[in-house]
Amino acid sequence: MNIEEQYIDGLFERDEVLESIREGTVAQGMPDIAVADGYGKLLTMLVAMNRVTNALEIGALGGYSGVCLARGLQAGGQLTCLELLPQYAEVAQKHVTEAGFGHCISYKVGDAKASLEELYQSGQKYQLFFIDADKEGYPTYLEYAIKMADPGALIIADNILLRGRTVNDAKQGPAVQAVRAFNKQIVSDPRLESTLLPGYDGLAIERVK
Ligand code: DHB
Ligand code: MG
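Residues numbered from 1 in each chain as written. Chains lettered and ligands numbered in written order. Predicted model: local features only at pLDDT ≥ 70, side-chain atom pairs only at ≥ 80, totals over all residues. Heavy atoms only, no water.

## With respect to the overall build of the protein chain
Our working definition: A run of H or I in DSSP becomes a helix once it reaches four residues, and a run of E becomes a strand once it reaches two; helices and strands are each numbered from the N terminus. C-alpha atoms define the radius of gyration in this analysis, and the globule rule sets the expected value at 2.2 Å times the number of residues to the power 0.38. In this scheme, a residue with accessible area under 20% of its type's maximum is buried, one over 50% is exposed, and one in between is partly exposed, where area comes from a 1.4 Å probe on protein chains only. Two residues form a contact once any of their heavy atoms are found within 4.5 Å. Here the positive residues are Lys and Arg and the negative ones are Asp and Glu; neither His nor the chain ends is included. Charged side chains are reduced to one point each, which is NZ for Lys, CZ for Arg, CG for Asp and CD for Glu.
Across its full length, the protein chain holds eight helices and seven strands. The C-alpha atoms of the protein chain give a radius of gyration of 16 Å, which matches the 17 Å a tight globule of 209 residues would have. Looking at the protein chain as a whole, 49% of its 209 residues are labelled buried. Long-range contacts, defined as pairs at least 24 residues apart, comprise 68% of the intrachain contacts of the protein chain with a sequence gap of at least 6. Side chains of the protein chain give 19 positive and 28 negative charges; the mean places of these two sets differ by 5 Å.

Shown next, in the form of structure tokens:
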């Protein structure tokens, strides 16, 4: 984090629920890569501003962003989280339940593309998507999100800068290429209206027309 980001994060009162999820995630041997604090707040606000009742998260990690998303849901709203690893889903489930959101978050374990195909085939629609899983999958996750979007739905994606690798021409690995393709697509796809925020590790926000 740069000094401006640290300054802004430091203005806020401590959020003990989210802090304990961050710490509990690391304590379980999982990577310390939950969404940035400021973007977590933005997730809550976007869910609330769009009066979301049905949201989908791709990549759960330890439940930090799950709680951020669930905090914004309308009464009776539901968040579905896709997570590849059963041990991560278990940790996330424990954390969100402790935070009081067990009743509105459910986990679907396994390969996200298979889960997305299943949800799509069953006719599921969502008003908000948060993409934060393997970066190579971003273009595919975007296509599924567009297909399952209610009109006006938001699609949000974390880490579009890949800690600078996205803008480093020497980096040409599959994740970098996928994120570059994702970023190019969202600014030109006629089905979307998009913005990309460069703070922290970058966040993309798209609105499905
Ligand atoms: C990293 C950060 C993330 O938020 C993520 O989803 C994946 C990787 C990272 O900093 O390596
Ligand atoms: Mg991320």
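Read on for the rest.
## Considering the pairing of strand E5 (residues 149-158)
Short version of the rule: Pairing between strands is defined by DSSP: at least two bridges between them are needed.
Across the ten residues that make up E5, a large majority, eight, are buried. In the sheet, strand E4 (residues 126-131) pairs with E5 via five bridges, with the strands oriented parallel. Bridge assignment links Tyr-126 to a residue of E5, and that residue is Ala-149.

## Here's the deal with the packing of helix H6 (residues 112-121) against helix H7 (residues 138-147)
This is how the line gets drawn: With axes taken as lines fitted to C-alpha atoms, and helix axes fitted only over the stretch in contact, angles between N-to-C directions fall between 0 and 180 degrees. Our angle categories are set so that under 35 degrees counts as roughly parallel, over 145 as roughly antiparallel, 65 to 115 as roughly perpendicular, and the remainder as oblique. Working rule for handedness: look at the near helix, and if it is turned counterclockwise from the far one by less than a right angle, call the crossing left-handed; if clockwise, right-handed.
One can describe the packing of H6 onto H7 by two numbers: an axis separation of 10 Å at closest approach and a directional angle of 15°. Relative to H7, the element H6 lies roughly parallel. When the axes of H6 and H7 are compared, the crossing they make is left-handed. Between H6 and H7, the residues in contact are Ala-112, Lys-113, Leu-116, Glu-117 and Tyr-120 and Thr-140, Tyr-141, Tyr-144 and Lys-147, respectively.

## Regarding the site of ligand 1
How we decide: Nearness is judged by heavy atoms alone; a residue qualifies as near a molecule or strand once a single heavy atom is within 4 Å of it. Nitrogen and oxygen atoms within 3.5 Å of one another constitute a polar contact, given that in protein one can donate a hydrogen and the other can accept it, and given that sequence-neighbouring residues count only through two side-chain atoms. Residue exposure ignores everything except the shown protein chains as possible cover, and the areas themselves are Shrake-Rupley values with a 1.4 Å probe. Side-chain classes follow a simple rule in which Ala, Val, Leu, Ile, Met, Phe, Trp, Tyr, Cys and Pro form the nonpolar group, Asp, Glu, Lys and Arg form the charged group, and the remainder, Gly included, forms the polar group.
Residues in contact with ligand 1, as listed here, are Ile-33, Asp-132, Lys-135, Asp-158, Asn-159 and Arg-163. Within the side chain of Lys-135, one N or O atom sits 2.9 Å away from an oxygen atom of ligand 1. Within the side chain of Asp-158, a nitrogen or oxygen atom sits 3.1 Å from an oxygen atom of ligand 1. For ligand 1, whose accessible area on its own is 290 Å², the fraction buried by protein is 73%. Grouping the amino acids of the shell around ligand 1 by side-chain chemistry returns one nonpolar, one polar and four charged.

## With respect to the coordination of the magnesium ion (ligand 2)
Short version of the rule: In this analysis a donor is any N, O or S atom within 2.8 Å of a metal ion (3.2 Å for sodium, potassium and calcium), and since water is not included, sites may seem incomplete.
Taken together, Asp-132 (OD), Asp-158 (OD) and Asn-159 (OD1) make up the protein donors of the magnesium ion (ligand 2), found 2.0 to 2.1 Å from the metal. Read N to C, the donor residues that coordinate the magnesium ion (ligand 2) are spaced as D-x25-D-N. With respect to burial, Asp-158 and Asn-159 carry one shared label: buried.

Purely geometric numbers; function is a separate question.
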